[in-house]
Amino acid sequence: MENGVFCVIGAMVGAGFASGREIMAFFSRYGAYSWALIALCAFFMTSLMHAVMLRAESVAALTPKGIAAPLGRAVWRLLFTFTGGAMLAAAGQMGALTVPIRYARELSAFFTLLFCVFQPRDADKIGAPMGKLLIPALIAALILCLRSEGSAVLTPKWTGKEGIIALISALGYGALNVSLSAGVICEAGQGKSKREKRKTALLSGIALGALLLIENSALLLHGEAVDAALPTVLVLNRFGKEGFYLSAAVLYLAVVTTLNAQIRGLSSLLPEKGNRILCFFMTAAASQLGFQGIVQTVYPALGWAAAVLAGIALFGKRAETSSG
């Protein structure tokens, strides 16, 4: 599997994915129907990633042209800043939970941000190795969840209205994940032929779909965790200290890879001179709202706005190409 694929997977597997919260909310709670929803979402994400790689060399190309361009860039900057802030706040929380020293939260957040901001310009040097660490750790955690006996199996009722909401939610989940990872996706396609871009998008989609299916298999066995904030963590805690520290390691890796993606996306939209310093302070300032504060307020609105802008930009480019 090529390095670009590991970078993309690392960017998309954030705290919500690794903890099972997003998978439970968007897929597993629908029981047997979750398999079809995951297949649809994986196909949709693959198509979107392919479209982005084909038509956008950078995030700037995902903004409409003309007078709307400054507004579009501002939306993307805010999305990357606040999502990065949420990940940074989560990194601080992980430090506070696992490192028994004074100021563990602040030190964990500071050094994590320092690591992500002042990294080599070449994405493969950091993003790919982190992705290669994250994927086997996540799979190991999910295997333990599969081995753990649950107290309930998810078998919800399915009505026409719920089905429509579930379909829209699954597609929305895919669109938001592609938006958040747009910077890394654009980088993964830079300098590649159309065939290579198609291969990268396809492998990334297959890998993400496989991870979704494995995690869904585990969560369907644990209906008791349907309302848990961190379903996989709840299950892994049954394995004692080993389970706790494995879940902490997976969550931290997921947070760092996603934070790294936000920093790279934000950096590409800032002036080259001093952009790392700007990234550092903008992300640190946003993190003061806290993980829950950002996820429940600004994150959804900015994510949808960015997805719409990207759609307009990509559709416009396609229309121009067809008319030309």
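The structure we're discussing is the one just above.
Residues numbered from 1 in each chain as written. Predicted model: local features only at pLDDT ≥ 70, side-chain atom pairs only at ≥ 80, totals over all residues. Heavy atoms only, no water.

> I would appreciate a short explanation of the packing of helix α6 (residues 104–117) against helix α13 (residues 275–287) in the present structure.
The description of two packed helices rests on the angle between their axes and on the distance between the axes. Packing of α6 against α13 brings their axes to within 10 Å, and their N-to-C directions diverge by 145°. Helix-helix and strand crossings are classified by hand; for α6 and α13 the assignment is right-handed. Within the contact between the two elements, α6 uses Phe-110, Leu-113, Leu-114 and Val-117 and α13 uses Arg-276, Phe-280, Thr-283 and Ala-284. (Axes fitted to C-alpha atoms, helices over the stretch in contact; angles between N-to-C directions. Helix = DSSP H or I, 4+ residues; strand = E, 2+ residues; numbered from the N terminus. Left-handed = near helix turned anticlockwise from the far one by under 90°. Contact = heavy atoms within 4.5 Å.)

> Help me out: how do you make sense of the pattern of salt bridges in this one?
A complete count under the given rule lists two salt bridges for this structure. Between Glu-57 and Lys-197 there is a salt bridge, with its nearest N and O atoms 3.4 Å apart. Within this pair, whereas Glu-57 is found in the loop between α4 (34–55) and α5 (69–98), its partner Lys-197 is found in helix α10 (residues 194–220), the two being separated by 140 residues in sequence. With relative accessibility at 39%, the residue Glu-57 sits in the partly exposed group. The exposure class assigned to Lys-197 is buried, which follows from its relative accessible area of 7%. (Salt bridge = Lys/Arg side-chain N within 4 Å of Asp/Glu carboxyl O. Buried < 20%, exposed > 50% of the residue type's maximum accessible area, 1.4 Å probe, protein only.)

> It is not clear to me how a nonpolar patch on the surface should be interpreted in this structure. Could you clarify?
A surface patch of nonpolar side chains, about 570 Å² in accessible area, is lined by Val-99, Ile-101, Tyr-103, Leu-107, Phe-110 and Phe-111. In this structure, Phe-110 sits in helix α6. (Patch = residues over 30% accessible without salt bridge, like charges linked within 9 Å, V, L, I, M, F, W, Y side chains within 5 Å. Areas by Shrake-Rupley, 256 points an atom, 1.4 Å probe, with all protein chains shown as cover.)

> Before we go on, may I ask you to explain the side chain of Thr-81 in this structure?
Secondary-structure assignment places Thr-81 in helix α5. Those residues in contact with Thr-81, other than ones at most four positions away along the chain, are Leu-266, Met-282, Thr-283 and Ala-286.

> Whenever I open this one, the packing of helix α1 (residues 3–12) against α10 confuses me. Can you help?
The interhelical angle for the contact between α1 and α10, taken along N-to-C directions, is 45°, at an axis separation of 9 Å. On the basis of the axis angle, α1 is oblique to α10. Crossing geometry of α1 relative to α10 is assigned as right-handed. Contact residues: Gly-4, Val-5, Val-8, Ile-9 and Met-12 in α1; Thr-200, Leu-203, Ser-204, Ala-207, Leu-208 and Leu-211 in α10. Considered class by class, the residues forming the contact of α1 with α10 number eight nonpolar, three polar and no charged. (Parallel < 35°, antiparallel > 145°, perpendicular 65-115°, else oblique. Nonpolar A, V, L, I, M, F, W, Y, C, P; charged D, E, K, R; others polar.)

> I'm lost on a positive patch on the surface in this one. Help?
Together, Lys-194, Arg-195, Arg-198 and Lys-199 line one region of the surface with positive charge. Topologically, Arg-198 is positioned in helix α10. (Lys, Arg positive; Asp, Glu negative; His and termini not counted. Charge placed at Lys NZ, Arg CZ, Asp CG, Glu CD.)

> In this structure, what is going on with the environment of Ser-19? I would like to understand it.
Following the sequence through the fold, Ser-19 ends up in the loop between α2 (15–18) and α3 (21–26). Ser-19 gets classed as buried once you look at its relative accessible area, which sits at 1%. For the pair formed by Ser-19 and Thr-232, sequence separation is 213 residues and the distance between their alpha carbons is 5.3 Å. Not counting residues up to four positions away in its chain, the partners in contact with Ser-19 are Glu-215, Ala-229, Leu-230, Pro-231, Thr-232, Val-233 and Leu-251.

> Before we go on, may I ask you to explain the nonpolar core in this structure?
Counting residues in each nonpolar core, the largest one holds 98 residues, and the members touching the most others are Val-13, Phe-27, Leu-62 and Trp-76. For this core, the element with the highest residue contribution is α5, accounting for twelve residues. In this structure, Trp-76 is in contact with Val-59, Leu-62, Thr-63, Ser-179, Ala-182, Leu-269, Ala-306, Leu-309 and Ala-310, ignoring residues within four places of it in sequence. (Core = buried A, V, L, I, M, F, W, Y, C linked by side-chain atoms within 4.5 Å.)

> I keep staring at the environment of Ala-56 and nothing clicks. Help me out?
With respect to the secondary-structure elements, Ala-56 resides in the loop between α4 and α5. Classification of Ala-56 as buried rests on a relative accessible area of 2%. If we skip the residues at most four places from it in the chain, Ala-56 touches Ala-61, Leu-62 and Cys-186.

> Before we go on, may I ask you to explain the packing of aromatic side chains in this structure?
Geometry of an aromatic ring pair is reported as the spacing of the ring centres plus the angle between the planes. Overall, the coordinates contain eight aromatic pairs when judged by the stated rule. When the ring of Phe-110 is compared with that of Phe-280, the centres are 6.0 Å apart and the planes differ by 80°; the resulting orientation is edge-to-face. Of the two residues, Phe-110 sits in helix α6 while Phe-280 sits in helix α13, which places them 170 residues apart along the sequence. Here Phe-110 falls in the partly exposed class, since its relative accessible area comes to 38%. For Phe-280, a relative accessible area of 13% gives the class buried. Through successive ring pairs, a cluster of aromatic residues spans Phe-110, Phe-111, Phe-280 and Phe-281. (Phe/Tyr/Trp six-rings, centres within 6.5 Å; stacked < 30°, edge-to-face > 60°.)

> It is not clear to me how the side chain of Thr-257 should be interpreted in this structure. Could you clarify?
Position of Thr-257 relative to the elements: it lies in helix α12 (residues 240–268). Here the side chain of Thr-257 touches Ala-254 through a polar contact of 3.0 Å, landing on its backbone oxygen. Sequence-distant contacts of Thr-257, that is, excluding residues within four places in its chain, are made with Gly-10, Ala-11, Val-13, Met-130, Gly-131 and Leu-134. (Polar contact = N/O pair within 3.5 Å; in protein donor to acceptor, adjacent residues only side chain to side chain.)

> Quick question: what am I supposed to make of the state of the cysteines here?
Simply put, the disulfide is a covalent bond whose two ends are the sulfur atoms of two cysteines. Under the definition given, this model contains zero disulfides. With no disulfide of its own, Cys-41 has Cys-186 as its nearest cysteine by sulfur position, at a separation of 19 Å. Taking the relative accessible area as the measure of exposure, Cys-41 reaches 0% and is therefore buried. Cysteine Cys-116 is unpaired, with the sulfur of Cys-279 as its nearest cysteine sulfur at 11 Å. (Disulfide = S-S within 2.5 Å.)

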